[in-house]
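Descriptive analysis of the structure
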Amino acid sequence: MKVHLQYGTEGLAVDLPSENVRVIEPRFVDGLADEAAAFQDAVRRPLGGRPLRELVKASDRVALVIPDITRPLPTDRLLRWILAELDHVPAERFTVVNGTGSHRGNTREELAAMVGSDVLARVRVVNHDAHDPATLLPAGKTRDGRTVYLARDYVEADRRIVLGFIEPHFMAGFSGGYKGIFPAVADIDSIMHYHRAQVIGDPRSTWGVVEGNPTQEQIRWGGSLLPLDFLVNVTQNRKRQITRFFCGEVLAAHAAGCAFAKSTAMVACPRPFPVVVTTNAGYPLDQNLYQAVKGMSAAAQVVEQDGLILAASRCNDGFPAHGNFRKLLFDHTSPRALLDTITAPGFSLYDQWEAQLLALIALKARVGLYSDLDPDEVRRAHLEAVTDLGARLREELRRRGDVPVAVLPEGPMTIPYLAADAS
């Protein structure tokens, strides 16, 4: 059986040596016939609240928060439409804040590709820097009394608009909503606290769960410390076409988007699979191993204990080189040792959250990775280096017999779950 996996920019064709295969994909929804017209309708008839144009005066300083380059949002089109809708506001009154969270800032060339060279020439665009106190201002306190700092340009704005897309998320339940603000434009201490081991390890911090999810609760608390005036969220299909707009008041629009995403992207399975083949949805999400944990986590939802996950993620940007993710993996002899370190009282290190999730996955199943990474480094990261997915699967089936295989061609764009776990 031949399947096409989302991998890098070109994809990857794999010949699977079995017919006992279930391909699990999101329900395909056609892209909108006229995206610009649909946008205009969505912001003029929002879900809760006033139309976008009525919210913003010509004299207002407007912060537009966008996701960074690791997120496949059609930011360039969205920004052009927003600026056209707000054409009564002078260009110098806008600041586009690239919500990097704890990721690296994007280069000028990357920003031009993300927002469009025309937008980059017209309005001020800045990278958020969670590590630089000079770029941050206090926004309020958490329920346990910790001060949260957010990007200065966001705090000082008169009107705040956030852009994003909604899909199932492996910690927050769903992306989008207030997540475009917190942790996207928060200080590093708040980001660290948000990702603390206790919360990451909570079984309610998982795909498709919003209410009662401690990660989502932190997102909503931190994101609402300052008024967020308007949400522009979308859902997308595998062709990166916009399928729906969810715009307006944050909670109302996000709730509608989550319900739609759940109906299209989450798939019930009656029983776990001995083998799951997954991806990280191709470029831009599969640029590094850190992000590739998402696709592995999607597979882990339906792999049986001690089963095999085969992940195809290009990782052309490495682990990446910045941060502590690589060091955490390399400094420990096993996933259990890594998890013991991270969950020890008082331990706190930037990037520990992704290492914690990878360790939890590796304790449930064997994980093989097909990528551009050096095979020795893959093994040091407690993963099996795979050079041929079809051959590796044939080897597994020779050993185990013709056991059922699940394939997630779009990785975390589809979230399978066991029917018994449905709520």
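Right above here is the structure, for reference.
Since we're looking at a predicted model, the values are computed, not measured. (Residues numbered from 1 in each chain as written. Predicted model: local features only at pLDDT ≥ 70, side-chain atom pairs only at ≥ 80, totals over all residues. Heavy atoms only, no water.)

In terms of helices and strands, the protein chain carries 16 helices and 20 strands. By the compact-globule yardstick of 22 Å for 423 residues, the protein chain fits well, its C-alpha radius of gyration being 21 Å. By its C-alpha atoms, the protein chain is 70 × 50 × 40 Å across when sized along the principal axes. Here the protein chain, with 423 residues, has 58% of them falling under the buried criterion. (Helix = DSSP H or I, 4+ residues; strand = E, 2+ residues; numbered from the N terminus. Rg over C-alpha atoms; globule rule 2.2 N^0.38 Å. Buried < 20%, exposed > 50% of the residue type's maximum accessible area, 1.4 Å probe, protein only.)

Moving on, we come to the side chain of Glu85. When you line up the elements, Glu85 lands in helix H3 (residues 75–85). Overall, the relative accessible area of 5% leaves Glu85 in the buried class. Here the side chain of Glu85 touches Arg44 through a polar contact of 2.9 Å, side chain to side chain. Ignoring any residue separated from it by four or fewer positions in sequence, one finds Glu85 in contact with Gln40, Val43, Arg44, Leu52 and Arg53. (Polar contact = N/O pair within 3.5 Å; in protein donor to acceptor, adjacent residues only side chain to side chain. Contact = heavy atoms within 4.5 Å.)

The sheet built from six strands is open, its strands ordered S6-S5-S4-S9-S12-S13 with mixed pairing. The open sheet terminates on both sides in strands that have one partner only, identified here as strand S6 (124–127) and strand S13 (242–248). Neighbour-to-neighbour, the strand axes of this sheet turn through a mean angle of 20 degrees, independent of strand direction. Packed onto the sheet, helix H4 (residues 108–115) meets strand S4 (62–67), strand S5 (94–99) and S6 and runs at close to 100 degrees relative to S4. (Pairing = 2+ DSSP bridges. Axes fitted to C-alpha atoms, helices over the stretch in contact; angles between N-to-C directions.)

What follows concerns the state of the cysteines. What the rule picks out here adds up to zero disulfides. Summary of cysteine pairing: Cys258 is not part of a disulfide, and the nearest cysteine sulfur, belonging to Cys247, is at 14 Å. Taking relative accessible area as the criterion, Cys258 reaches 8% and is therefore assigned buried. (Disulfide = S-S within 2.5 Å.)

Core analysis: the largest hydrophobic core is formed by 89 residues, its most contacted members being Leu150, Tyr154, Leu289, Met296, Phe325 and Leu329. Sort the elements by how many residues they give to this core and helix H11 (residues 289–300) lands first, with eight residues. In this view, Leu329 contacts Leu289, Phe319, Leu338, Ala355, Leu358, Arg380, Ala381 and His382; residues no more than four positions away in its chain are not counted. Membership of the second largest hydrophobic core comes to 36 residues, among which are Leu86, Phe94, Val232 and Val234. (Core = buried A, V, L, I, M, F, W, Y, C linked by side-chain atoms within 4.5 Å.)

What follows is about the packing of aromatic side chains. Overall, the coordinates contain 10 aromatic pairs when judged by the stated rule. A ring pair is formed by Phe39 and Trp81, whose centres lie 5.6 Å apart and whose planes are at 35 degrees; its orientation type is tilted. Taken together, the positions of Phe39 in helix H1 (residues 35–44) and Trp81 in helix H3 put the pair 42 residues apart, joining distant regions of the chain. Just as Phe39 is buried, Trp81 falls in that class too. (Phe/Tyr/Trp six-rings, centres within 6.5 Å; stacked < 30°, edge-to-face > 60°.)

Spatial relationships are all this shows, so hold off on functional conclusions.
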